[in-house]
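Chain by chain, the residues run as shown.
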Amino acid sequence: MKSGYRIFDTHTHIGHARHTGRVDTAEAMLRRMDSAGVERSLVIPFPVVDDWRAEHDLIGRAVLEHPDRLTGTACYHPYADAPEFREEVRRCRDKYGFRAVKLQPQYHGLNPYSTRSDFFFETALEFDMVAVCHTGSGLPFSLPSLLMMPARRFPALQIVVAHCGSAMFAHDAMVAAQFCPNIYLELSSLMPHHLTEVLADIPAERLMIGSDLPESLKTEIGKILSMEMPEEARRLILGGTARRLFLGETD
Ligand SMILES: [Zn+2]
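These notes cover the structure that comes with them. The numbers attached to residues start from 1 for each chain and follow its sequence in the written order. Selection of residues for local features in this predicted model requires a pLDDT of at least 70, selection of side-chain atom pairs for listing and counting requires 80 or more, and totals for whole chains, interfaces and linings are taken over all residues.

## With respect to the overall build of the protein
- The secondary structure content of the protein amounts to ten helices and ten strands.
- Restricting the calculation to C-alpha atoms gives the radius of gyration, and the globule rule supplies 2.2 Å times the number of residues raised to the power 0.38. Against the compact-globule benchmark of 18 Å for 251 residues, the protein has a radius of gyration of 16 Å, which places it among compact chains.
- With the C-alpha coordinates of the protein rotated into their principal frame, the extents come out at 45 × 40 × 35 Å.
- Here the protein, with 251 residues, has 49% of them falling under the buried criterion.
- Counting contacts in the protein only where the partners sit at least 6 residues apart, residues at least 24 apart contribute 73% of the total. Helix and strand assignments follow DSSP, with helices taken as H or I runs no shorter than four residues and strands as E runs no shorter than two, numbered in order from the N terminus. Here the C-beta atoms are placed from the backbone, and a residue counts as buried if at least 20 other C-beta atoms lie within 10 Å of its own, exposed if 12 or fewer do, and partly exposed otherwise. Think of it this way: build a C-beta for each residue from its backbone, and any pair within 7 Å is a contact.

Written out as structure tokens, the structure reads:
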């Protein structure tokens, strides 16, 4: 709880990142959450790892130990054939209760526009999981508007545009959200003036906070707390939208 708000950070990572050398643990994350007043975090594997299943197990154990604080996300390399991909996501769902699947087109080379990526979105839909998709760095496949295609092909699927296009493509993300009611925007890395535009056009019922990396956590929270907006919008962005989307809770 921070300033009276229940905060759900919808973009965090623990585990071992092969591409950056970054290592993080659930214990360190829980300490940071306590210090920043975060109630719950969506925990995602890093996008480039040595052992995908081991990273899922690490997050899964943390989720089982702290079910009131952590929610898990699967991220499996798309070079696996579709049945293997599906089986690993099913395992994460059944064993650990993971609620989302992450697509990282920057590192995974999967084009959301193409029906060749359908297996990813079909798997999320089959297991009633949210598709969280990185956008921004890593063009061309990380362009937010490409996600309009799976959003339309799978209207029952809920898609989160992570980083809302990472500032440079914030308007592209807003177009996607305007045309597709099943597209949500996660606001990490936007500058406050971008956020003003997002708030003017996209309902807060489809907006959520994310930190991505520990250094950004307090800044991302401070951004939402300090900006002028209706109190209900602030409550939804800080946690209400995410609790409904990932946990099915209405409050
Ligand atoms: Zn991230």
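## A word on helix α5 (residues 118-126)
- Residues of α5 that are buried: Phe120, Phe121, Thr123 and Ala124. All buried residues of α5 project into a common sector of 155 degrees when viewed along the axis, lining one side.
- On the buried face of α5, the contacting elements are α3 (82-96), β6 (100-103), β7 (130-134) and α6 (148-153).
- Just beyond α5, the residue with positive phi is Asp128, at close to 55 degrees. An arc is given here, and it is the one of the directions from the helix axis to the C-beta atoms.

## Topic: the pairing of β6
- Alternating positions in β6 separate into two faces, Ala100 and Lys102 on one and Val101 and Leu103 on the other, with burial throughout.
- Strand direction decides the pairing type here: strand β5 (residues 70-74) and β6, joined by two bridges, are parallel. Bridging across to β6, Ala74 finds its partner in Val101.
- Each parallel crossover has a hand, and the one from β5 via α3 to β6 is right-handed. For two strands to count as paired, DSSP must find a minimum of two bridges between them. The definition of a right-handed crossover adopted here requires that, viewed with the strands pointing away, the path from the first strand over the helix to the second runs clockwise.

## Remarks on the sheet that holds strand β9 (residues 183-186)
- Within the open sheet, the eight strands sit side by side as β1-β4-β5-β6-β7-β8-β9-β10. Their pairing is parallel. Both edges of this open sheet fall to β1 (7-13) and β10 (207-208), since each of them pairs with a single strand only.
- As defined by bridge partners, β1 adjoins strand β4 (residues 38-44) across five bridges and the pair is classed as parallel. Following the sheet pairing, Thr12 is matched in β4 by Val43.

## Things to note about the packing of helix α7 (residues 170-179) against helix α8 (residues 192-201)
- Each axis is a line fitted through C-alpha atoms, taken for helices only over the stretch in contact, and angles between the N-to-C directions span 0 to 180 degrees. Viewed as axis vectors pointing N to C, α7 and α8 meet at an angle of 10 degrees, and their least axial separation amounts to 11 Å. Comparing the axis directions of α7 and α8 gives the class roughly parallel. On the side of α7, the interface is formed by Ala170, Met174 and Gln178, while α8 contributes His194, Val198 and Asp201.
- Classifying every residue of the contact of α7 with α8 by side-chain character gives three nonpolar, two polar and one charged. In these notes the angle categories are as follows: under 35 degrees is roughly parallel, over 145 is roughly antiparallel, 65 to 115 is roughly perpendicular, and the rest is oblique. Amino acids are sorted into nonpolar (Ala, Val, Leu, Ile, Met, Phe, Trp, Tyr, Cys and Pro), charged (Asp, Glu, Lys and Arg) and polar (every other residue, Gly among them).

## What to know about unusual backbone geometry
- In the segment running from Leu139 into Pro140, the intervening peptide bond is cis, with an omega of 5 degrees.
- Turning to its location among the elements, Pro140 is positioned in the loop between β7 and α6.
- The phi angle at Asp128 is positive, at roughly 55 degrees, despite the residue not being glycine.
- Secondary-structure assignment places Asp128 in the loop between α5 and β7.
- When the 12 C-beta atoms within 10 Å are taken as the criterion, Asp128 is described as exposed.

## What to know about the nonpolar core
- A set of buried residues qualifies as a nonpolar core if it consists of Ala, Val, Leu, Ile, Met, Phe, Trp, Tyr and Cys joined through C-beta atoms within 7 Å. The biggest cluster of nonpolar side chains holds 72 residues, and the ones touching the most others in it are Ala131 and Val161.
- When neighbours within four sequence positions are excluded, Val161 is seen to be in contact with Cys133, Thr135, Pro144, Leu147, Ala173, Ala176, Ile183, Tyr184, Leu185 and Glu186.

## Focus: α3
- Helix length check: α3 (15 residues) gives 21 Å between terminal C-alpha atoms against 21 Å at 1.5 Å per residue, within 8%.
- Where α3 is buried, its residues touch α2 (52-65), β5, β6 and α5. For a helix, the expected span equals 1.5 Å multiplied by the residue count minus one.

## Remarks on the pairing of β7
- For β7, the tally of buried residues reaches five of five residues, placing the bulk of the element in the interior.
- By the alternation rule, side chains of β7 split into Val130, Val132 and His134 and Ala131 and Cys133, which are all buried.
- Relative to β7, β6 runs parallel, the two being bridged by four bridges. Among the inter-strand pairings, Leu103 is bridged to a residue of β7, identified as Cys133.
- In terms of strand pairing, β7 meets strand β8 (residues 159-162) through four bridges, oriented parallel. Its bridge partner being in β8, His134 is matched across the sheet by Ala162.
- In this fold, β7 hands off to α6, which returns the chain to β8; that crossover is right-handed.

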